[in-house]
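# Examining the three-dimensional arrangement
As a plain string of letters, each chain reads:
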Amino acid sequence: MKPLFAKDTVRRGVAAHSAIGLICCALLYLICVTGTAIVLYEEWQRLEQPGAPEMQAIAPSAVDAAIANVVASEADREPTTHLFVHMPTDALPRTTVTTDTQAVHVDGKGAIVVPEENAWAEFLLALHYRLNLPPVWGMTLVGLFGAMIVALAVSGIVAHPRIFRDAFRLRARRRDDVATLDWHNRLAVWTLPFALAMALTGAMIGLFYISGSSLAQIAYGGDGDAALAPVFGAEPEADDTPAPLPRVAPVLRYMAREYPAVRVSYLILHDPGTRGQHIQIIGEHDRRLIFGEYYAFASDGTFRGTTGLADGTLGQQFAASIYNLHFGNYGGLPVMIAYILFGIALSAVVATGTFIWLDKQARKGRPRRTIRAGWWGITIGVPVAIVTTLIARLTWGNEAPFVAIFWIVTLAITAAAVHRSRRAGARGPASATPGFAP
Amino acid sequence: MPGDAMLWLGCALTPGGVTILRLSWSRAARSARLNTLGWGMLAGGSLLAGMAEGAWGVAVDALFAMGTAALFIARAALEQPRSVRRTPAPIRAIATGGRGDWARGGATFLLAGPVALAVAVAAALAARSLAVGWRSAEADANVMVLALVPLVWPLLAFAVLMARGRGRQITMLIATFAAVSLPLFALGGQP
C-alpha cells in the first residue's frame, strides 16, 4: 500500500509531533485524567453526601416554599443577585437551591434539610477546568492545551505512514518499545473522533477568554455580554426597587402543560426581590446534544419566549451543544462508560507518547533516566493523588485542603521516582532505566 | 422509516463497517472492494444516525464505531506475538544540544505559539467580518469566532513546525496575517 505522505514529510511530522507532545505532556496528562474522572461529576456528588434528600420530582408549590425558606434564611445579609434551583434530574435526583452565599438541599416539601457539601467534586472540576488557577489564567491554559491535542492529532496522522494498514495491529505482549509504540498508535487512531471532539469543545470553552474578548473588543466596544447576547440571549434591564418574590409554581405548571416533553433542570431567579426580577427555566430536550433551552418568564409568570438554543440558528445550537459533547452527559450511563473508557485511552496515549520519545532517546544513546523516572512519577502520581483527595474527602470531610493534598502527593511521588532512579543509577545503568512494558 | 429504526440501523451498520475494515486490512493484498464496503458502511451508518437524530445520533453512532474498534484492539492485545524482536542496542551517545538549540527552540515556540495564535484570532475575526458582510446571522458569525480559533491555531502551529527554515515559517505567518487582515480592515468589526 502506498504511504499517505512522503518520507521527508513523515520525518518532519514526527519531529513536530514530538515537539508539541513534549511541551504539553504533563499538563495534558493531568487534564485527560481529571477529565475522565469528572465524567461522573453528579455521581461523585451523590457519593460525597449520601444523606441528602433525593426525589424523582418536586411539586411546583414546594419549589415556591423552598425559595421563600432560603431567602428568609438570608434576611441578615446582602440580598442575592441570582437564585438557582436545581430540579431533580436522572443524574442528580436532588433539589438544591443556590444563592450568592450558600447552597442547600431541600426536601420534597421545600424545607431546608442540609447545606450542599460537594467540595471534592468541585475541586476535581476546577482541577480539570482551570488547574486550580484563577479562572482567566487556568481556563486559558487548559484551552491552549486542548487546541494542542488537535495539533497532535494532525501531526500524528502525518507522522504515521501506515495508519490504515496497521489500524488493528497491537503487539502488546512483546513487552518492548514496539509494544509501547503500538499502544500509542492504535489507541490514538481509534479514539481520534473522541479526541478531536474533546479537544475542540474543550478548547472552545477554555479559549473563550482570548477569542470572546477579542470579539468583544473589535465588535462590541469591549462588552463581553453584548458579544454573547445574540447566542445565549440578553439580560433585561435591572430595576432595584424592592418587590415581593415572584411565584414560580405557575411557571413550572406552564412548562409541564405547554412543553410536556421538556424536563426542567434549572429554575433561575434573576435579581430576586426587586422590580426587575425575572424567571428563567433551563429545559432539557431528549436526544439532543444541547444542554437545554432557555425559557424566559416575567415575574408575574407571563411566558416571554425561548432563546433559540434548541431551534434557533445553527451557531446557537452548536454553542449550546459544546458542554454536553465535552462531558458526555447526553446519553445516560452507556455514554458515560464509553467516555470513561475513551478518556482512559486518551490518557494512555499521552503517557505512552512521552515514553516513546524516551525510548527513542535511549536508542540514540541518551537514556535520560531522570526524565523517565519523573514521567513515571507523574503518570502514577496524578491518579494516586486524585484517589488520595477522595480518601481525604471521605475520612476528613468537606473541609479537607484538596488542592494542597493533590499537589503535594503528585510532587512527592514524582520526586520519589526521580530519587529512586538516581539511587539505582548510582548502583548501575541497567537497573536505572526500566523499560516501559504495558 | 421511523426515527428509532433508522438510528439503530445506523448504529448497526457502523460496527459492521469497522469489522469489514478489520477483515480487509488483515489481508496480505489490498482489497479495494472490501475497503469501499467498510468505509461505505461507516459513512452510511453516520448518515442514517444523523438523519434520524441529528448531531446526537452522529455522536452516539461514533461511540459505536470506536467501541467496536476497542474490542478488536483488546483482542489483538491478548494475542501472542509471532516473534519477539530484540530491542536494538543503544547507538553511541550524541552530544546534546548547546545554547543555540535552546534559542532556536525558543524562537520556534514563539512563532508556533503566541504569534500563530494571534494570527488565528485575526483569521477568525476576519471570517466573522465576511460572514456578517454576507448577511449571516449575528449568532452564527460570533460562534464562528469561538469555534475557529481552536481549530485554526493548532493547524497553523503545525504548519509552522513543518516549514523548512525560519524564513519560511515567518513568511507563512506574515502571508496568512496579511491575507486575513484584508477583510478585517475593509469590513471592520461591525456587530
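Model, not experiment: these values are computed from the prediction.

### Thoughts on the overall build of chain A
Broken down by element type, chain A carries 15 helices and eight strands. Structurally, chain A occupies a C-alpha span of about 75 × 50 × 40 Å along its principal axes. Considering only contacts in chain A between residues 6 or more positions apart, those separated by 24 or more positions represent 68%.

### Brief notes about the interface of chain B and chain A
The partner chain A presents 70 residues to the 57 residues of chain B that form the contact. Contributions of two or more residues to the side of chain B that touches chain A are made by helix H1 (3-25), helix H2 (32-78), helix H3 (99-133) and helix H4 (138-162) of chain B. Among the elements that take part in the side of chain B that touches chain A, H4 of chain B stands out by supplying 19 residues, more than any other. Tallied by class, residues from the side of chain B that touches chain A come to 42 nonpolar, eight polar and seven charged.

### Looking at unusual backbone geometry
Unlike most non-glycine residues, Asn 132 of chain A shows phi in positive territory, near 60°. Along the polypeptide, Asn 132 of chain A turns up in the loop between helix H4 (119-130) and helix H5 (135-158).

### A short note on the domain arrangement of chain A
Partitioning chain A into structural domains gives domain 1 (7-42 + 122-208 + 331-432) and domain 2 (51-116 + 234-306). Taken over C-alpha atoms, the centre of domain 1 of chain A sits 40 Å from the centre of domain 2 of chain A.

### A closer look at the sheet that holds strand E4 (residues 112-115) of chain A
All names here are of chain A. Taking strand neighbours across the sheet as the criterion, the eight strands line up as E4-E3-E2-E1-E5-E6-E7-E8 in an open arrangement whose pairing is antiparallel. This sheet does not close on itself; its edge strands, each paired only once, are E4 and strand E8 (303-306). Within the sheet, the average angular offset between the axes of one strand and its neighbour, ignoring direction, is 25°. Two strands pair when backbone bridges link them, and strand E5 (residues 263-270) and strand E6 (residues 278-284) are joined in this way by seven bridges, in the antiparallel orientation. Note that in E6 the partner of Leu 269 across the bridge is Ile 279. Sheet strands in contact with helix H10 (residues 249-258) are E5, E6, strand E7 (293-298) and E8, and its direction is about 35° off that of E6.

### Remarks on the domain arrangement of chain B
When cut into domains, chain B gives domain 1 (3-72) and domain 2 (108-187). Measuring from the centre of the C-alpha atoms in domain 1 of chain B to the corresponding centre in domain 2 of chain B gives 34 Å.

### Some words on the environment of Gln 277 of chain A
Residues and elements named next belong to chain A. Residue position: Gln 277 is located in the loop between E5 and E6. For Gln 277, a count of 20 C-beta atoms within 10 Å puts it in the buried group. Residues in contact with Gln 277, not counting those within four places in the same chain, are Ala 243, Pro 246, Leu 269, His 270, Asp 271, Pro 272 and Ser 299.

### Points about the confidence of the model for chain A
Chain-level statistics for chain A give a pLDDT mean of 92 and a share of 96% at 70 or above. In the predicted structure, residues 430-438 of chain A sits below a pLDDT of 50 and forms 18 contacts with residues beyond four places in sequence or in another chain.

### A look at H4 of chain B
Residues and elements named next belong to chain B. Here H4 is 25 residues long and its end C-alpha atoms lie 36 Å apart, about the 36 Å a rise of 1.5 Å per residue gives. Bending of H4 peaks at approximately 35° at the position of Leu 148, with proline Pro 150 no more than four residues after it. By the criterion of burial, H4 is predominantly enclosed, with 20 of the 25 residues buried.

### Things to note about the environment of Thr 274 of chain A
Residues and elements named next belong to chain A. Note that Thr 274 resides in the loop between E5 and E6. In this structure the C-alpha to C-alpha distance between Thr 274 and Pro 79, which are 195 residues apart in sequence, comes to 9.7 Å. Leave out the neighbours within four places in its chain, and Thr 274 touches Asp 239, Asp 240, Thr 241, Pro 242 and Ala 243.

### Remarks on the pairing of E5 of chain A
Two elements, strand E1 (residues 82-86) of chain A and E5 of chain A, share five bridges in a ladder whose sense is antiparallel. By the bridge assignment for E5 of chain A, Leu 83 of chain A is matched with Leu 269 of chain A.

### Here we look at the packing of helix H12 (residues 332-363) of chain A against helix H13 (residues 369-395) of chain A
Two packed helices can be described by the angle between their axes and the distance between those axes. Residues and elements named next belong to chain A. Two elements in contact, H12 and H13, have axes whose closest approach is 11 Å; the angle formed by their N-to-C orientations is 170°. Comparing the axis directions of H12 and H13 gives the class roughly antiparallel. Here H12 contributes Ala 351, Thr 354, Phe 355 and Leu 358 to the contact with H13, which in turn contributes Ile 371, Arg 372, Trp 375 and Thr 379. Residues of the contact of H12 with H13, tallied by class, amount to five nonpolar, two polar and one charged.

### Points about the pairing of E6 of chain A
Residues and elements named next belong to chain A. A large share of E6 lies buried, amounting to seven of its seven residues. The two faces of E6 match: His 278, Gln 280, Ile 282 and Glu 284 on one face and Ile 279, Ile 281 and Gly 283 on the other face are all buried. Of the pairings in the sheet, the one linking E6 to E7 comprises six bridges and is antiparallel in character. Within E7, the position partnered with Gly 283 by the bridge is Glu 293.

### What about the confidence of the model for chain B?
Detailed reading of the predicted coordinates is not advisable wherever pLDDT falls low. On average, residues of chain B score 88 in pLDDT, and 87% of them are at 70 or above. Across the interfaces of the predicted complex, the ipTM metric reaches 0.88, alongside a pTM of 0.91.

### Some remarks on the nonpolar core
Tyr 29 of chain A together with Ala 116, Ala 120, Ala 123, Ala 124 and Val 149 of chain B are the most contacted members of the largest nonpolar core, which has 153 residues in total. Residues contacting Ala 123 of chain B, with those up to four places away along its chain left out, are Leu 148, Val 152, Thr 176 and Val 180 of chain B. Counting 24 residues, the second largest nonpolar core, distinct from the first, contains Ile 58, Ile 67, Val 97 and Val 248 of chain A.

### Quick notes on the environment of Ala 19 of chain A
Residues and elements named next belong to chain A. Tracing the chain through its elements places Ala 19 in helix H1 (residues 7-38). In this structure Ala 19 comes out as partly exposed when scored by C-beta crowding, with 19 C-beta atoms within 10 Å. As for Ala 19 and Leu 131, which are separated by 112 residues in sequence, their C-alpha atoms are 22 Å apart.

Definitions and cut-offs
Counting of residues starts from 1 at the beginning of each chain's written sequence and follows it residue by residue. Lettering for chains starts from A, numbering for ligands starts from 1, and both go in the order in which the items are written. Only residues with pLDDT of 70 or above have their local features reported here, since the model is predicted, and side-chain atom pairs are shown and tallied only from 80 upward, although totals for entire chains, interfaces and linings are computed over all residues. Numbered from the N terminus, helices here are DSSP runs of H or I no shorter than four residues, and strands are runs of E no shorter than two. Placing a C-beta atom from the backbone of each residue, one calls two residues in contact when those atoms lie within 7 Å. Classification used: nonpolar for Ala, Val, Leu, Ile, Met, Phe, Trp, Tyr, Cys and Pro, charged for Asp, Glu, Lys and Arg, polar for all others including Gly. What counts as a domain boundary in this text is fixed by an automatic or database domain assignment. At least two bridges found by DSSP between two strands is the condition for calling them paired. Every axis in this analysis is a line fitted to C-alpha atoms, fitted for helices over the stretch in contact. Angles between the N-to-C directions lie between 0 and 180 degrees. Partly exposed residues are those falling between the two cut-offs: more than 12 but fewer than 20 other C-beta atoms within 10 Å of their own, whereas 20 or more means buried and 12 or fewer means exposed, with C-beta atoms placed from the backbone. The quantity called pLDDT is the predictor's confidence in a given residue, expressed from 0 to 100. To estimate the expected span of a helix, subtract one from its residue number and multiply by 1.5 Å. Note that the bend at a residue is defined as the angle between axes fitted to the seven residues ending at it and the seven residues starting at it. Relative orientations are named as follows: roughly parallel for angles under 35 degrees, roughly antiparallel for angles over 145 degrees, roughly perpendicular for angles from 65 to 115 degrees, and oblique for any other angle. Joined through C-beta atoms within 7 Å, a set of buried Ala, Val, Leu, Ile, Met, Phe, Trp, Tyr and Cys residues constitutes a nonpolar core.

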